[in-house]
Amino acid sequence: MDPNYSAQDVARCDLCKTAIAQSYCDFCHVNLCKPCIGEHITADYDKHKIVPILQRKSTLIYPKCETHQPKTCEYQCKDCNIFVCTHCFASKQHKDHEFLKLKESFSEKKNHILKDREELEEHIVPTYEEIAIDLENQISNLDGEYKKLTTEISKQREEIHREVDNAINQMEVEIGEIKLKHHTILKKHLDEIKQLQSLMQQTLLALNVIEETNEVSKIINYSSKTEEFSKLPPKVHVLMPKFIPKQRNKEELCSLIGKLTPLSTTLEERVFTGKKPYTSVRELLDEPEVLNTIKTGHEKLRSVTCLNEEQIWTSGWTADIECYNIQGVLQKTIQTKSGGNPLDIAVDRDRTLLYSDWKTRTVYKVKNDQTEEIITLQGWIPNNLCVTSSGDLLVTMYSDDKTQSKVVRYSGSTVKQTIQFDDKGQPLYSGNGNIKYISENRNLDICVADYRACAVVVVNQAGKLRFRYTGHLSPTKNKPVRPFGITTDSQSRILTSDWNNHCIHILDADGQFLRYIDNCGLEYPWKLCVDSNGFLFLSEYYKGNVKKIRYLE
């Protein structure tokens, strides 16, 4: 809107600059007060077009005819593609030509301009904003992604170091064994030499005795052992083992460690689809209907989340996290690492399962049947999870003493945002460690179902409080609202389950109540999720059932 004509700014006369303008010259495009009208039209009286200011710019200004001055051209010759006046009709130049009224062309073109502006404002510009936000998110996530890459390489380095240490240790053991053998061989030969030395000493003593005697028999019977002793024992040669280091080839070493794939850049063509506003696409059904009931067998079923259009994950008060198809057939079971029950489950953009574990204060990722820690807290216990449109992870959590609650946004394992207090420093969420399910709306609002506070708390992307929803007055819903599960749909509507009144509340993006889903025989509804086709899935706590509901046209 032009600020000169808004309700907050009264239009002033363009001539005297002070008086309030009541009129407008549709030819000169100036605001005029009553006293200044006469001054303005003094010269060239005929050309001015004075209208009430509310009818400004209603008079068309036609171009002058170059051939028949000062006639104005109110037509266009289609054959010559030039503007013409009524006198031009009779000229031979335009004989049998086809003419268009400029007024009609003007109106048609003006409508086209209005549509272009509307298309730009409502669809194209927001699309570019989404593209820019996506690129900004990619840039902000670069540090985290490359940190993961260097962490993986560091793990490989540690593993190779460990293997090298093990190999060296084994070689040291082998050296010890060889040394023992070497020692045994030398000791054996030493013992033999010492035995001969002992015999020689005994012989010398005997010779000394014989040499001093005069007894003929002893001298005659003497037998020399000198020849025997002069035969020296063989010399022992034991070669020391040698270490022959293997020549290291840099390329072979690099291939042993692994390799980095090169940076790959591709340009994918974007196709603008001219999206319509979400609120005009799918309306609410007058009578929602249950399409299917999946009996999970869970005792006290808590969480349900959509893996895709054909499969859902479920969890309850056991260590089992189960995947069912929408016909109710069990597809897969995963157990938590700690053996405790998960507080919540979610699926990221890669369709990878996430779950929060109160025992270990950790959020885990389960990929290819391998469980990996992605977030571990100190002093806080992770509660419920939501994967955002940008790929971030929102986690509700409560303090060890159960007096505080907050929402934290993570990119990988890096904290990007903490939402805990309002502008006045007051807590946004109740304490007591109660369950707080969370969802991101299409307008990037963050919606939390605060069971203990009997409210749905909605903040914007920056964490500023937008509104609190505390229920809708109804003669049939006379108990305080107890919101457990919460989700949003493609129309930016907010759906929250009401434990006390056995129903679902549907709100618009601004927190205005739209209607209940209370005709589907719901009993103690807990968590909610909406799949890409717009079907609602909800868990019934005590029955252990998941119901699939159609609530959109």
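Residues numbered from 1 in each chain as written. Predicted model: local features only at pLDDT ≥ 70, side-chain atom pairs only at ≥ 80, totals over all residues. Heavy atoms only, no water.

**Student:** Mind laying out the packing of aromatic side chains, listing which residues take part and the relevant values?
**Tutor:** Taken as a whole and judged by the stated rule, the model has 14 aromatic pairs. On the basis of an interplanar angle of 65 degrees and a centroid distance of 4.9 Å, the ring pair of tyrosine 75 and phenylalanine 89 is categorised as edge-to-face. With tyrosine 75 in strand S4 (residues 75-77) and phenylalanine 89 in the loop between strand S5 (82-84) and strand S6 (99-101), this residue pair connects regions lying 14 residues apart in the sequence. For tyrosine 75, a relative accessible area of 21% gives the class partly exposed. (Phe/Tyr/Trp six-rings, centres within 6.5 Å; stacked < 30°, edge-to-face > 60°. Helix = DSSP H or I, 4+ residues; strand = E, 2+ residues; numbered from the N terminus. Buried < 20%, exposed > 50% of the residue type's maximum accessible area, 1.4 Å probe, protein only.)

**Student:** Quick one: what's the story with the side chain of glutamine 420, residue by residue and with numbers?
**Tutor:** Tracing the sequence through the fold places glutamine 420 in the loop between strand S19 (414-419) and strand S20 (436-440). Polar contacts involving the side chain of glutamine 420 include one to the side chain of glutamine 404, which spans 2.9 Å. Among residues more than four places away in sequence, those in contact with glutamine 420 are Trp380, Gln404, Ser405, Lys406, Gln426, Pro427, Leu428 and Tyr429. (Polar contact = N/O pair within 3.5 Å; in protein donor to acceptor, adjacent residues only side chain to side chain. Contact = heavy atoms within 4.5 Å.)

**Student:** Lay out the pattern of salt bridges with the relevant residues and their values.
**Tutor:** Per the stated rule, a full pass over the model turns up 19 salt bridges. With its nearest N and O atoms 2.9 Å apart, the salt bridge here joins lysine 527 to aspartate 344. Taken together, the positions of lysine 527 in strand S28 (residues 525-530) and aspartate 344 in strand S12 (residues 342-347) put the pair 183 residues apart, joining distant regions of the chain. Comparing lysine 527 with aspartate 344 shows no difference in burial state: the two are buried. (Salt bridge = Lys/Arg side-chain N within 4 Å of Asp/Glu carboxyl O.)

**Student:** Residue-level account of the environment of proline 70, with values.
**Tutor:** Summarising the element assignment, proline 70 is placed in the loop between strand S3 (50-52) and S4. With relative accessibility at 62%, the residue proline 70 sits in the exposed group. Distance from proline 70 to glutamine 331, taken between C-alpha atoms, is 84 Å for residues 261 residues apart in sequence.

**Student:** Please give an account of unusual backbone geometry that cites residues and values.
**Tutor:** The linkage connecting glutamine 69 with the following residue, proline 70, adopts the cis geometry, with an omega of -5 degrees. A positive phi angle is found at lysine 17, which is not glycine, with a value near 70 degrees. Judged by its relative accessible area of 58%, lysine 17 falls in the exposed class. At aspartate 96, a residue that is not glycine, the phi angle is positive and equals roughly 60 degrees. Within the element layout of this structure, aspartate 96 appears in the loop between S5 and S6. A residue is classified by how much of its surface remains accessible, and aspartate 96, at 74% relative accessible area, is exposed.

**Student:** Residues and numbers for the sheet that holds S12, please.
**Tutor:** Taken together, the four strands give an open sheet; going across it, the order is S12-S13-S14-S15, and neighbouring strands pair in antiparallel fashion. The outermost strands of the open sheet, each flanked by one partner alone, are S12 and strand S15 (370-376). Each strand axis lies, on average, 25 degrees off the axis of its neighbour in the sheet, ignoring direction. One ladder, built from five bridges, connects strand S13 (residues 353-357) with strand S14 (residues 362-367); its direction is antiparallel. Across the sheet, serine 356 pairs through a bridge with valine 363, a residue of S14. (Pairing = 2+ DSSP bridges. Axes fitted to C-alpha atoms, helices over the stretch in contact; angles between N-to-C directions.)

**Student:** Go over the sheet that holds strand S16 (residues 380-387), please, and point to the residues and values.
**Tutor:** Here we have four strands laid out as an open sheet, ordered S16-S17-S18-S19, and antiparallel in their pairing. Each edge of the sheet is formed by a strand with only one pairing partner; in this case those strands are S16 and S19. Averaged over all pairs of adjacent strands, the angle between strand axes in this sheet comes to 30 degrees, irrespective of strand direction. Bridge count between S16 and strand S17 (residues 393-399): six bridges; the pairing is antiparallel. Residue pairing across strands places proline 382 opposite methionine 397, the latter belonging to S17.

**Student:** Lay out a nonpolar patch on the surface with the relevant residues and their values.
**Tutor:** Where nonpolar side chains cluster on the molecular surface, the patch consists of Ile139, Leu142, Tyr146, Leu149, Ile153, Leu260 and Leu263 and spans about 720 Å² of accessible area. As for its position among the elements, leucine 149 is in helix H2 (residues 102-212). By relative accessible area, leucine 149 is classed as partly exposed at 33%. (Patch = residues over 30% accessible without salt bridge, like charges linked within 9 Å, V, L, I, M, F, W, Y side chains within 5 Å. Areas by Shrake-Rupley, 256 points an atom, 1.4 Å probe, with all protein chains shown as cover.)

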